[in-house]
Amino acid sequence: MTFHQDIPMQCSSFIATSLDGFIAKTDGSLDWLNAANATVPEGEDCGYAQYMAGVDVILMGRKTFETVLGFGAWPYDKPVYVISRQWSALPAGAPVTAQLWKGSLPELRAHLAASGVRAAYVDGGQLIQSFINAQLLDEITITRIPVLLGSGLPLFGPLADGTSTVSAQHLQTRSYDFGFVQSDYRLLYAAAAQSQDETQAGA
């Protein structure tokens, strides 16, 4: 995914789903994803390192943060904002690079932009949905894993008003010999899509 220089700051996601659109089993387990990753040739990360190299901060929901804490060694060296209105403080064992954010998502984006952040990684299914409903997620990379779970935690959910749609502009798709298929999309919300249509009509 390429961040565009004419946009001051972008929020994006890099996430894997099952073929039927789930990011985890109903209990939150990722054993299916771990099994799939075991088939990936050594040295191949499907663009993850390149993506992370372009990220300034990581934004996580509470549940995702708790899941990553359970992995053992903290895997990130970048600043992390944990978005939660339930917590009054981060739990014991939280990395020093993490801080709690209890404000709104628009306030967070404005704060990050004012701090000079160019690219933020939105991590976690519920937070991704919240960013989409706030029309704040700019781009998303989805890696589809060739496995059907049948049920689980979906990547996407209901839109804010239940009726509006969000257009997804396809940027590119890559396929891998071990079965993964990865696609990049730019999200176009109602106002942006209307502006683009008017520009094309006037061309």
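Because the structure is predicted, anything quoted here is derived from the model rather than measured.

J.: Got a minute to help me understand the side chain of Arg186 in this structure?
T.: Secondary-structure assignment places Arg186 in strand β10 (residues 181–188). For Arg186, a relative accessible area of 18% corresponds to the buried category. Separated by 3.3 Å, the side chains of Arg186 and Glu139 make a polar contact.

J.: Please clarify how the confidence of the model for the protein should be interpreted in this entry.
T.: Segments scoring low in pLDDT should not have their predicted coordinates read at a detailed level. Counting all residues, the mean pLDDT for the protein is 89, and 89% of those residues have values of 70 or more. Least confident of the elements in the protein is helix α6 (residues 190–201), whose mean pLDDT is 52; most confident is strand β7 (residues 139–145), at 98. Here residues 1–6 is modelled with pLDDT under 50, and outside its nearest four sequence neighbours on either side it reaches 20 contacts, counting other chains as well. Taken together, the stretch residues 199–203 has pLDDT below 50 and engages in zero contacts with residues farther than four places along the chain or on a different chain.

J.: What is the right way to look at the packing of aromatic side chains in this model?
T.: Any pair of aromatic rings gets described here by the distance separating the centres and the angle formed by the planes. Under the defined criterion, the tally for this structure stands at nine aromatic pairs. Between Trp74 and Tyr76 the ring centres are 5.7 Å apart and the planes differ by 75°, which places this aromatic pair in the edge-to-face class. Residue class for Tyr76 comes out buried when judged on its relative accessible area of 15%. Measuring from centroid to centroid gives 4.9 Å for Phe178 and Phe180, while their planes differ by 80°, and the two rings are edge-to-face. Accessibility expressed as a relative area gives 4% for Phe180, which makes it buried. Through a chain of ring-to-ring contacts, three or more aromatic side chains come together here, namely Phe14, Tyr48, Tyr51 and Tyr121.

J.: How should the side chain of Lys78 be read in this particular structure?
T.: Mapping Lys78 onto the fold places it in the loop between α3 (62–69) and β4 (80–83). Although Lys78 lies buried, it forms no salt bridge, and the closest oppositely charged side chain, Asp77, sits 4.9 Å away as judged by the N-O distance. Looking at Lys78, its side chain comes within polar contact range of the main-chain oxygen of Met52, at 3.2 Å.

What counts and how
Residues numbered from 1 in each chain as written. Predicted model: local features only at pLDDT ≥ 70, side-chain atom pairs only at ≥ 80, totals over all residues. Heavy atoms only, no water. Helix = DSSP H or I, 4+ residues; strand = E, 2+ residues; numbered from the N terminus. Buried < 20%, exposed > 50% of the residue type's maximum accessible area, 1.4 Å probe, protein only. Polar contact = N/O pair within 3.5 Å; in protein donor to acceptor, adjacent residues only side chain to side chain. pLDDT = per-residue confidence, 0-100. Contact = heavy atoms within 4.5 Å. Phe/Tyr/Trp six-rings, centres within 6.5 Å; stacked < 30°, edge-to-face > 60°. Lys, Arg positive; Asp, Glu negative; His and termini not counted. Salt bridge = Lys/Arg side-chain N within 4 Å of Asp/Glu carboxyl O.

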